[in-house]
Amino acid sequence: MELEADFFSGFVMAKIGASLKQATQVMSIISSNADDTNSTHPAKNKRLSAITKGYKSGYVKPKVIVKTKEKIIKVEAKPKVLTYENYFYNGVSKYQAQDRAGALKDFNKSIQLNNKFAPSFHNRAILLDDLKRYKDAIDDYNTAIKLDPNNPLYYYNRAISKNNLEDYSGVVEDLDFVIKNDNTNVTAIKFRGQSHFNLKNFNSAVLDFNKVIEFDNSLDEVYYLRGISKGFNKKHNGAVLDFNKAIKIDSTIIKYYRARSVSKLKLKDYKGSLIDYSKIIELDNKNIDAYMKRADVNYYLKNNDLACNDWSTAKDLGNETAKIKLKNNCRVFLMKEKLNKVDE
């Protein structure tokens, strides 16, 4: 404990600007070099050594002042020269702190100092994508990939920028590389499936969505997209089954009911489609499209009053087509409506 205290005292003396001689002066007087084998007090040389080590630990070299006949010149210590790695890590820190301007400046400097360091191009590309400079981001991803052509992360993030530019073929190309390196990357497989979907490559989309569901069967959006893809391929029974699964996972999403109603109509399941339109209206009682579609189905089934009632609601919500359909198809309904108002 005494040696630790001596170390600390030397450290403090250095910090307050004392000399090493001043730091050790008292101990030189009060301590001795007697044998300390059986003593609780360390010998003088040990204690002086501890003070000296503490002093050197806390010592900061002062500024050098050079005196001349004409003036006093302060010679400052040279500032630390930052490397490309320093700028890179500074850029990462600033990006994480939401200082995008500062991050961009540091990534630029890192690249200026070393234009062969792929991570600087990659991280600047991520930043440029955030700034919606997608083409510039892709240029940086291209450079990063040229420098490090086997890094799947660079391809995946480039796919994101290409997706923002609606270059879905480019997205598929990049994700092919990612998935070739890791065929269990569910996020990449789903992303590629969505890109195939956007390209109307519905068979390829279904294959990717099948793989995703093998890994994770809790993704309602994937069932929905697979159902839509099956619908475009005129496989409406399979589509309905997928929409059922999507709705089972999340029964609050209107588009799932709307898509299922379309497939049910294709299968001539009119009553089933009415159930879906009614559910949509239950979730959103101002959904004009659902009122109009339900009215059309009811009119086809000769449920005229129900159809006219929905057209009337849609008209009240501001739909001009509903107003025309009411006039052309609902004369009896409108007469009853007038009579009811008179009775009131």
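Just above, that's the structure.
Before going into details, it helps to say that this report is about the structure given with it. (Residues numbered from 1 in each chain as written. Predicted model: local features only at pLDDT ≥ 70, side-chain atom pairs only at ≥ 80, totals over all residues. Heavy atoms only, no water.)

So, on to the pattern of salt bridges. Evaluation of the coordinates by the stated rule reveals 19 salt bridges. Here K162 makes a salt bridge to D174, at a shortest N to O gap of 3.2 Å. Placement of K162 in helix α8 (residues 152-164) and of D174 in helix α9 (residues 168-181) is noted, with a sequence separation of 12 residues between them. We note that K162, like D174, is buried. Notably, a salt bridge pairs R260 with D276, separated by 2.6 Å at the nearest N-O pair. Residue R260 is found in helix α14 (residues 254-266), and its partner D276 is found in helix α15 (residues 270-283); the two are separated by 16 residues along the sequence. Classification of R260 by relative accessible area gives buried; the value is 11%. The exposure class assigned to D276 is buried, which follows from its relative accessible area of 0%. Bridged by salt links that share partners, the residues R158, K162 and D174 form one connected network. (Salt bridge = Lys/Arg side-chain N within 4 Å of Asp/Glu carboxyl O. Helix = DSSP H or I, 4+ residues; strand = E, 2+ residues; numbered from the N terminus. Buried < 20%, exposed > 50% of the residue type's maximum accessible area, 1.4 Å probe, protein only.)

As a packed pair, helix α16 (residues 288-300) and helix α17 (residues 304-316) sit with axes 8 Å apart at the nearest point and diverge in direction by 160°. Relative to α17, α16 is oriented roughly antiparallel. With respect to the hand of their crossing, α16 and α17 are arranged in left-handed fashion. Seen from α16, the contacting residues are I288, Y291, M292, R294, A295, D296, N298 and Y299; seen from α17, they are N304, L306, A307, D310, W311, T313 and A314. Tallied by class, residues from the contact of α16 with α17 come to nine nonpolar, three polar and three charged. (Axes fitted to C-alpha atoms, helices over the stretch in contact; angles between N-to-C directions. Parallel < 35°, antiparallel > 145°, perpendicular 65-115°, else oblique. Left-handed = near helix turned anticlockwise from the far one by under 90°. Contact = heavy atoms within 4.5 Å. Nonpolar A, V, L, I, M, F, W, Y, C, P; charged D, E, K, R; others polar.)

What follows covers α16. Relative to the 18 Å expected for 13 residues at 1.5 Å per residue, α16 spans 18 Å between its end C-alpha atoms, a close match to the ideal helical length. Taken together, the buried residues of α16 touch α14, α15, α17 and α18 (320-329). (Expected span 1.5 Å × (residues − 1).)

This part takes up unusual backbone geometry. With a phi angle near 65°, K132 is a residue other than glycine that sits in the positive phi range. Within the secondary structure, K132 sits in the loop between α6 (118-130) and α7 (134-147). The exposure class of K132 is exposed, given its relative accessible area of 60%. Within the chain, K200 stands out as a residue other than glycine whose phi angle is a positive 65°. Position of K200 relative to the elements: it lies in the loop between α10 (186-198) and α11 (202-215). Accessibility expressed as a relative area gives 60% for K200, which makes it exposed.

A few words on the nonpolar core. One finds L175, Y224 and W311 to be the most contacted residues of the largest nonpolar core, which totals 52 residues. If sequence neighbours within four positions are ignored, L175 has contacts with Y156, A159, A188, F191 and R192. Counting 10 residues, the second-largest nonpolar core is a separate cluster that includes F88, L104, F107 and L128. (Core = buried A, V, L, I, M, F, W, Y, C linked by side-chain atoms within 4.5 Å.)

Here the structure, examined in full by the defined rule, presents one disulfide. Across the disulfide from C308 sits C330; the S-S distance is 1.9 Å. On the S-S bond that ties C308 to C330, the torsion sits near -90°, and the link is left-handed. Of this pair, C308 sits in helix α17 while C330 is found in the loop between α18 and α19 (331-343), placing the two residues 22 residues apart along the sequence. A relative accessible area of 2% means that C308 is categorised as buried. (Disulfide = S-S within 2.5 Å.)

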